[in-house]
Amino acid sequence: MAQESPKNSAAEIPVTSNGEVDDSHEHSFNRRSIPSGLGLSETQITSHGFDSTKEGVIEAGAFQGSPAPPLPSVMSPSRVAASRLAQQGSDVLVPAGGQRTQTKSGPVILADETKNPAMEKLELVRKWSLNTYKCTRQIISEKLGRGSRTVDLELEAQIDILRDNKKKYENILRLAQTLSTQLFQMVHTQRQLGDAFADLSLKSLELHEEFGYNADTQKLLAKNGETLLGAINFFIASVNTLVNKTIEDTLLTVKQYESARIEYDAYRTDLEELNLGPRDANTLPKIEQSQHLFQAHKEKYDKMRNDVSIKLKFLEENKVKVLHNQLVLFHNAIAAYFAGNQKQLEQTLKQFHIKLKTPGVDAPSWLEEQ
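Residues numbered from 1 in each chain as written. Predicted model: local features only at pLDDT ≥ 70, side-chain atom pairs only at ≥ 80, totals over all residues. Heavy atoms only, no water.

As annotated in an unreviewed UniProt entry, the chain carries the name ADP ribosylation factor interacting protein 1 and comes from Equus caballus.

Structure representation (structure tokens):
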């Protein structure tokens, strides 16, 4: 080294290639003890580049306020140790004013923005519970006559008419099903009676013609009864589709509309109660949040009301068209059957494209249809 440190103020410590102190020369220098009063703030670490004359210097000053003289020590480690000291010393900044600022270095931890599924479920349960409580309170208030409710008189009247008509159509459907069951039993009895008359016609030579006439009559009645039964079953199927699918789908939309109406009234009442109370720093955020929720449920209520109005309109048009055709079919078939007009009865089924299934004959396979 170009410039040696004084022997009386520092001691040289040999360092191996990997930065460790060589213990074999431990007897060659005098150990110095650092006074117990020396604080960590009195220690300075200075690192220099590899081209410097001193690769690493640790200076230790005396504790302020102690009468003991300063005990400086100098260590000259190897280049590997100097590089390690340089990396450690990069975290300590010594500004010009003399004050030292230590910057913390280490791995940067990014906040995990992925939400916890359990917390999301808990938040959904909390919102559902709050919404259920408000809606239940609104329903109880309406039943007790204490709360107010939003009413669309025209729409409510149409909904009441629809529900009343649904009950009447269901009654017609039950009666038509009863008629179909009884007619099926009568046709089955007539067919058996015709077979019995035909058997007696072959075995009784004296009453051959009489039994034969009755057998033909019963078989003709059974055939016409099967034709009428096909028309009645077609009527039942069409009315059943209208009542249990089309009208039921509309009533499902009506239920959603009523639920939206209850939620709208519940949040409207909540907002009105908050507006009647005091306005301060605590209540203003609640009022703003309640206003936001009220506006969202109002939009939902308006949308559902519009959907119900459109469905009721389309349902009325579809109902008139379906029932008109089915009532004409039912009337013409019944009239032709009891008038004994077999041709008119068959013409009625052709008019409405009704195909009768022949008893005892299975449906054709897909190969036969090809």
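Q: Quick question: what am I supposed to make of the overall build of the chain here?
A: Secondary structure summary: the chain contains 7 helices and 4 strands in total. Traced from its N-terminal end to its C-terminal end, the chain shows the element sequence β-β-α-β-β-α-α-α-α-α-α. Buried residues in the chain amount to 25% of all 370 residues. For the chain, the exposed area adds up to about 26,500 Å²; of that, 56% sits on carbon and sulfur atoms. (Helix = DSSP H or I, 4+ residues; strand = E, 2+ residues; numbered from the N terminus. Buried < 20%, exposed > 50% of the residue type's maximum accessible area, 1.4 Å probe, protein only. Areas by Shrake-Rupley, 256 points an atom, 1.4 Å probe, with all protein chains shown as cover.)

Q: Before we go on, may I ask you to explain the nonpolar core in this structure?
A: It is characteristic of soluble globular proteins that their nonpolar side chains tend to be buried jointly. In terms of nonpolar packing, the biggest core is built from 41 residues, with Ile159, Leu183, Ile247, Tyr257 and Val308 touching the most fellow members. Going through the elements one at a time, helix H3 (153-203), helix H4 (208-276), helix H5 (283-338) and helix H6 (342-351) are the ones with two or more residues in this core. When sequence neighbours within four positions are dropped, the list of residues in contact with Tyr257 reads Asp152, Leu155, Glu156, Ile159, Tyr301, Met304, Arg305 and Val308. (Core = buried A, V, L, I, M, F, W, Y, C linked by side-chain atoms within 4.5 Å. Contact = heavy atoms within 4.5 Å.)

Q: Help me understand the UniProt feature "coiled-coil region" (unreviewed entry) in the chain, please; the structure alone is not making it clear to me.
A: Summarizing the sequence annotation, UniProt attributes the feature "coiled-coil region" (unreviewed entry) to residues 152-179 and 287-318 in the numbering used throughout. Regarding residues 152-179, the helix share stands at 96% and the strand share at 0%, and the terminal C-alpha atoms are separated by 41 Å. Segment residues 287-318 splits into 100% helix and 0% strand. End C-alpha atoms: 46 Å apart. (UniProt positions renumbered as here; feature names shortened; annotations may be inferred.)

Q: Which parts of the structure should I look at to understand helix H2 (residues 117-144)?
A: Taking 1.5 Å of rise per residue, 28 residues should cover 40 Å, and H2 covers 40 Å from first to last C-alpha, within 8% of that figure. Three or more residues of H2 are buried, namely Asn131, Lys134, Cys135 and Gln138. Contacts from the buried residues of H2 go to H4 and H5. Just downstream of H2, Gly145 is the residue with a positive phi angle, here 80°. (Expected span 1.5 Å × (residues − 1).)

Q: Help me out: how do you make sense of the pattern of salt bridges in this one?
A: All chains considered together, the criterion is met by 18 salt bridges. The shortest N-O distance in the salt bridge between Glu123 and Arg126 comes to 2.8 Å. Separated by 3 residues within a single helix, Glu123 and Arg126 lie in helix H2, roughly one turn from each other. Since its relative accessible area comes to 31%, Glu123 is described here as partly exposed. Judged by its relative accessible area of 48%, Arg126 falls in the partly exposed class. Two residues, Arg163 and Glu258, come together in a salt bridge whose shortest N-O distance is 3.0 Å. Taken together, the residues Arg163 in helix H3 and Glu258 in helix H4 connect sequence positions 95 residues apart. Judged by its relative accessible area of 32%, Arg163 is partly exposed. For Glu258, a relative accessible area of 26% translates into the label partly exposed. (Salt bridge = Lys/Arg side-chain N within 4 Å of Asp/Glu carboxyl O.)

Q: Looking at this model, I keep getting lost on the packing of H3 against H4. Mind explaining?
A: Helix-helix packing is characterised by the crossing angle of the two axes and by the distance between the axes. The N-to-C vectors of H3 and H4 enclose an angle of 160°; their axes lie 6 Å apart at closest approach. When the axes of H3 and H4 are compared, the pair comes out roughly antiparallel. Considering the relative orientation of H3 and H4, their crossing is left-handed. The residue inventory of the contact of H3 with H4, partitioned by class, reads 31 nonpolar, 14 polar and 10 charged. (Axes fitted to C-alpha atoms, helices over the stretch in contact; angles between N-to-C directions. Parallel < 35°, antiparallel > 145°, perpendicular 65-115°, else oblique. Left-handed = near helix turned anticlockwise from the far one by under 90°. Nonpolar A, V, L, I, M, F, W, Y, C, P; charged D, E, K, R; others polar.)

Q: Would you take a moment to explain the environment of Glu272 for this structure?
A: Turning to its location among the elements, Glu272 is positioned in helix H4. Take Glu272: its relative accessible area is 39%, and that puts it in the partly exposed class. Separated by 18 residues in sequence, Glu272 and Ser290 have C-alpha atoms that sit 9.5 Å apart.

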